[in-house]
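One letter stands for each residue in the lines below.
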Amino acid sequence: MPTTNSWLLTGARLATMQTGNAYGLIDKGCLAVDNNQITWIGDSSDLPAHLAERETIDLEGRLVTPALIDCHTHIVFGGNRAREFEMRLEGASYEEVARAGGGIVSTVTATRAATEQSLLADALNRVDRLIGEGVSTIEIKSGYGLDHETELNMLRVARAIADARPIRVKTSFLGAHAVPAEFAGQADAYIDDVCIPTLETAHREGLVDAVDGFCEGIAFAPAQIERVFVKAKELGLPVKLHAEQLSNLGGTRLAARHDALSADHIEYANEDDVAAMAQSGTTAVLLPGAFYTLRETQLPPLEALRQQGVGIALATDCNPGSSPLSSLLLTMNMACTLFRMTPEEALRGVTVHAARALGLQDCGILAEGKRADLAVWDVEHPAELAYRIGFNPLYQRLFGGV
Ligand code: DI6
Ligand code: FE
């Protein structure tokens with residue numbers, strides 16, 4: 001790979017993800033990078049003569065895509081929930097496990113007991129799987145602390161990941177993830193006395209890029225989430241929401257009303273909910289790993305999302321309960337097989353639309369002026385990325401041109 005800050009890729013098949021043709025494909029492409037930015041991209045026959053003289057790397061026909069973006073993860077957590085996996089296989093449902101004190105709350109116990117160092121080491125192990133698949137940017141949520149100190153710890157660990165590895169991290173405060181045991185039956189008090197004050201502190205310490213919540217029967221009602229969203233707005237933070245995963249409580253419309261970056265899961269969203277998302281420009285983040293793990297049968301409203309022009313992103317939802325998944329390539333495959341998304345939609349879902357779901361404008365697409373976050377693959381056609389199961393054809397990842 002390059003030894004200077006200004007170089008040129010040749011012999012590349014470029015899946016630019018620009019619109020116009022499938023995958024924005026340029027069959028015989030060149031791409032120039034200066035420092036951390038793409039400064040020229042196009043067909044090799046159009047390459048300006050002065051660029052042909054710089055240090056060149058010939059990719060011999062390999063495919064180049066934008067580096068992948070995992071826009072919804074809970075990758076920082078303590079312990080694991082393999083025992084719960086067994087319980088579900090013995091017949092218990094996800095909701096029954098949660099109501100019996102398992103589920104999110106059991107990960108909270110393990111996360112509170114863990115040190116920052118062990119949380120970081122465990123998370124890096126998972127982050128490294130993603131980096132190995134060409135991922136350059138991940139979103140990381142808090143939400144397994146559910147007390148002041150541990151929520152802040154989780155966010156500090158998330159920030160530390162970006163120092164420990166060449167990867168960009170966007171954090172989301174997810175204090176409204178579940179009601180902790182010490183507040184059982186007092187969700188309102190938890191929101192007012194712990195969640196909102198902790199959000200204020202975390203924001204003051206520069207730990208929060210966005211605010212998330214879990215709007216569900218086993219978590220919080222729309223009116224409770226709304227109080228958190230009002231505080232987010234006061235602090236100037238964008239919001240997003242786990243909505244309509246197991247039932248329809250109106251979370252998607254609540255999110256749209258607050259101009260949310262994304263509404264996530266949304267299996268139970270209806271056409272009106274999708275219309276609200278279209279209106280507010282909210283991205284749909286679909287999470288096939290959770291759908292698969294929980295053996296859900298209610299499919300997200302794909303056709304309505306397409307018809308209304310709502311951007312569809314995909315993410316791992318990497319978490320110890322409903323989606324113990326740290327492969328974005330497998331996520332793409334699941335989205336095609338389970339949700340009937342096309343391989344092109346799947347690739348757009350982990351590039352362009354994932355960037356939008358995070359409010360990022362400088363990545364997710366190959367174009368002049370964008371960051372040189374690139375994934376080079378040993379495949380001929382971009383459909384191969386979603387087609388294989390458990391196969392990683394990454395040849396090289398570039399992060400900010402490096
Ligand atoms: N929805 C999810 O898929 C994760 N959180 C959420 O609100 C699951 C979290 C867990 O089961 O630990
Ligand atoms: Fe989630």
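Quick look at the structure, then. Within each chain, residue numbers correspond to sequence positions counted from 1 in written order. In the order they appear in the text, chains get letters beginning with A and ligands get numbers beginning with 1. Reporting in this predicted model follows two pLDDT cut-offs: at least 70 for local features of residues, and 80 or more for side-chain atom pairs to be given and counted; totals over whole chains, interfaces and linings ignore these cut-offs and use all residues. Side-chain numbers come from the whole structure's heavy atoms, not from hydrogens or water.

**Remarks on the overall build of the chain**
When you go through the chain residue by residue, the secondary structure sums to 16 helices and 15 strands. Relative to a compact globule of 402 residues, whose C-alpha radius of gyration would be 21 Å, the chain shows 21 Å and is just as compact. Each of the three principal axes of the chain carries a C-alpha extent, and together these read 70 × 45 × 40 Å. When a residue's accessible area, from a 1.4 Å probe over protein chains only, is under 20% of the maximum for its type it is buried; when over 50% it is exposed; and in between it is partly exposed. By residue count, 59% of the 402 residues in the chain fall in the buried class. Across the chain, contacts joining residues at least 24 apart in sequence account for 71% of those joining residues at least 6 apart. Elements are defined by DSSP. Helices are runs of H or I of four residues or more, strands are runs of E of two residues or more, and each kind is numbered from the N terminus. The globule rule used for comparison is 2.2 Å times the number of residues to the exponent 0.38, while the radius of gyration itself is calculated over C-alpha atoms. When checking whether two residues touch, look at their non-hydrogen atoms; a contact exists if any pair is within 4.5 Å.

**A short note on the coordination of the iron ion (ligand 2)**
Donor atoms from the polypeptide that coordinate the iron ion (ligand 2) comprise His72 (NE2), His74 (NE2), His242 (NE2) and Asp317 (OD), at 2.1 to 2.3 Å from the metal. Around the iron ion (ligand 2), the four donor atoms are arranged such that angles at the metal cover 81 to 167 degrees; this shape is classified as irregular. In the primary structure, the donors to the iron ion (ligand 2) are separated according to the pattern H-x1-H-x167-H-x74-D. Remark: aspartate 317 occurs in the loop between β13 (312-314) and α13 (328-339) and histidine 74 occurs in the loop between β6 (68-70) and α2 (82-89); sequence separation between them is 243 residues. Just as histidine 74 is buried, aspartate 317 falls in that class too. The donor set covers N, O and S atoms within 2.8 Å of the metal, switching to 3.2 Å for Na, K and Ca, and it leaves out water, so a site may look short of donors. Key to geometry: four donors with every angle between 85 and 135 degrees are tetrahedral; four donors are square planar and six octahedral where opposite donors lie over 155 degrees apart and all remaining angles lie between 65 and 115; all other sites are irregular.

**Examining helix α7 (residues 187-204)**
The end-to-end C-alpha distance of α7 is 24 Å, a good match for the 26 Å that 18 residues give at a rise of 1.5 Å each. Those residues of α7 not exposed but buried are Ala187, Tyr190, Ile191, Val194, Cys195, Ile196, Thr198, Leu199, Thr201 and Ala202. Where the residues of α7 are buried, they touch α6 (148-164), β8 (168-176), β9 (210-215) and α8 (222-235). Residue count minus one, scaled by 1.5 Å, sets the expected span of a helix.

**Section: the packing of α6 against α7**
Each axis is a line fitted through C-alpha atoms, taken for helices only over the stretch in contact, and angles between the N-to-C directions span 0 to 180 degrees. For the pair α6 and α7, the least separation of the axes is 10 Å and the interaxial angle reads 40 degrees. The orientation of α6 with respect to α7, classified from their angle, is oblique. Crossing hand, α6 versus α7: right-handed. Residues His148, Glu151, Leu152 and Leu155 of α6 touch α7, and the partners they reach there are Val194, Pro197, Thr198, Thr201 and Ala202. In terms of residue class, the contact of α6 with α7 is made up of five nonpolar, three polar and one charged. These descriptions rest on fixed angle ranges, namely under 35 degrees for roughly parallel, over 145 for roughly antiparallel, 65 to 115 for roughly perpendicular, and the rest for oblique. In this scheme the crossing of two helices becomes right-handed for a clockwise turn of the near helix relative to the far one and left-handed for an anticlockwise turn of less than a right angle. Asp, Glu, Lys and Arg are counted as charged, while Ala, Val, Leu, Ile, Met, Phe, Trp, Tyr, Cys and Pro are counted as nonpolar; the rest, among them Gly, fall into the polar class.

**Regarding the site of ligand 1**
Lining the immediate surroundings of ligand 1 are 14 residues, of which Arg81, Tyr94, Tyr144, His177 and Asp317 lie closest. Distance and chemistry together define a polar contact, namely a pair of N or O atoms within 3.5 Å, with one atom able to donate a hydrogen and the other to accept it when in protein, and with adjacent residues in sequence counting only for side-chain atoms on both sides. Tyrosine 94 places a polar side-chain atom, nitrogen or oxygen, 2.5 Å from an oxygen atom of ligand 1. Interatomic distance of 2.8 Å between a side-chain N/O atom of histidine 177 and a nitrogen atom of ligand 1. Notes on ligand 1: free accessible area 320 Å², of which the protein chains cover 100%. Tallied by class, residues from the shell around ligand 1 come to four nonpolar, eight polar and two charged. What makes a residue near a molecule or strand is one non-hydrogen atom of that residue sitting within 4 Å of it. Values of accessible area rely on a 1.4 Å probe in the Shrake-Rupley scheme; residue burial ignores everything except the protein chains shown.

**A few points about the side chain of serine 262**
As for its placement among the helices and strands, serine 262 is situated in strand β11 (residues 262-265). Residue serine 262 is classed as buried on the basis of its relative accessible area, which comes to 1%. If we ignore the near neighbours within four places in the chain, the residues touching serine 262 are Val239, Lys240, Leu241, Thr282, Thr283, Val285 and Ala357.

**As for the nonpolar core**
Only buried residues count toward a nonpolar core, which is a set of Ala, Val, Leu, Ile, Met, Phe, Trp, Tyr and Cys residues joined through side-chain atoms within 4.5 Å. Counting residues in each nonpolar core, the largest one holds 94 residues, and the members touching the most others are Val76, Ile161 and Val208. Considering each element in turn, this core owes the most residues, eight residues, to α7. Excluding residues that lie within four positions of it along the chain, valine 76 makes contacts with Leu119, Ala123, Ile140, Tyr144, Met154, Val157, Ala158 and Ile161. Core analysis: the next-biggest nonpolar cluster, separate from the first, contains 17 residues, Trp7, Ala12, Ile41 and Ala372 among them.

**Side note on the pattern of salt bridges**
In the sections that follow, a salt bridge refers to a side-chain nitrogen of Lys or Arg positioned within 4 Å of a carboxyl oxygen of Asp or Glu. Within the structure shown, the criterion is met by 30 salt bridges. Put simply, glutamate 344 and arginine 348 hold a salt bridge, and the shortest N to O gap is 3.0 Å. Here arginine 348 and glutamate 344 lie together in helix α14 (residues 343-349), a separation of four residues that amounts to about one turn. Its relative accessible area of 14% is what places arginine 348 among the buried residues. Two residues, arginine 388 and glutamate 384, come together in a salt bridge whose shortest N-O distance is 3.3 Å. Note on arginine 388: relative accessible area 28%, which makes it partly exposed.

**Quick look at the packing of α7 against α8**
Interaxial distance between α7 and α8 falls to 10 Å at its minimum, and their mutual angle equals 20 degrees. On the basis of their axis angle, the class for α7 and α8 is roughly parallel. As for the relative orientation of α7 and α8, their crossing is right-handed in sense. Mapping the contact onto sequence places Ala187, Asp188, Ile191, Asp192, Cys195, Ile196, Leu199, Glu200 and His203 in α7 and Gln224, Arg227, Val228, Lys231, Ala232 and Leu235 in α8.

**Regarding the sheet that holds β6**
When DSSP finds two or more bridges between two strands, those strands count as paired. An order of β6-β7-β8-β9-β10-β11-β12-β13 is seen for the eight strands of this open sheet, with the pairing classed as parallel. One side of each edge strand has no neighbouring strand; the edge strands of this open sheet are β6 and β13. For this sheet, the mean angle separating the axes of adjacent strands, direction not counted, is 25 degrees. Here three bridges tie β8 to β9, and the two strands are oriented parallel to one another. Note that in β9 the partner of phenylalanine 173 across the bridge is valine 211.

Shape is all these values report; function is a separate question.
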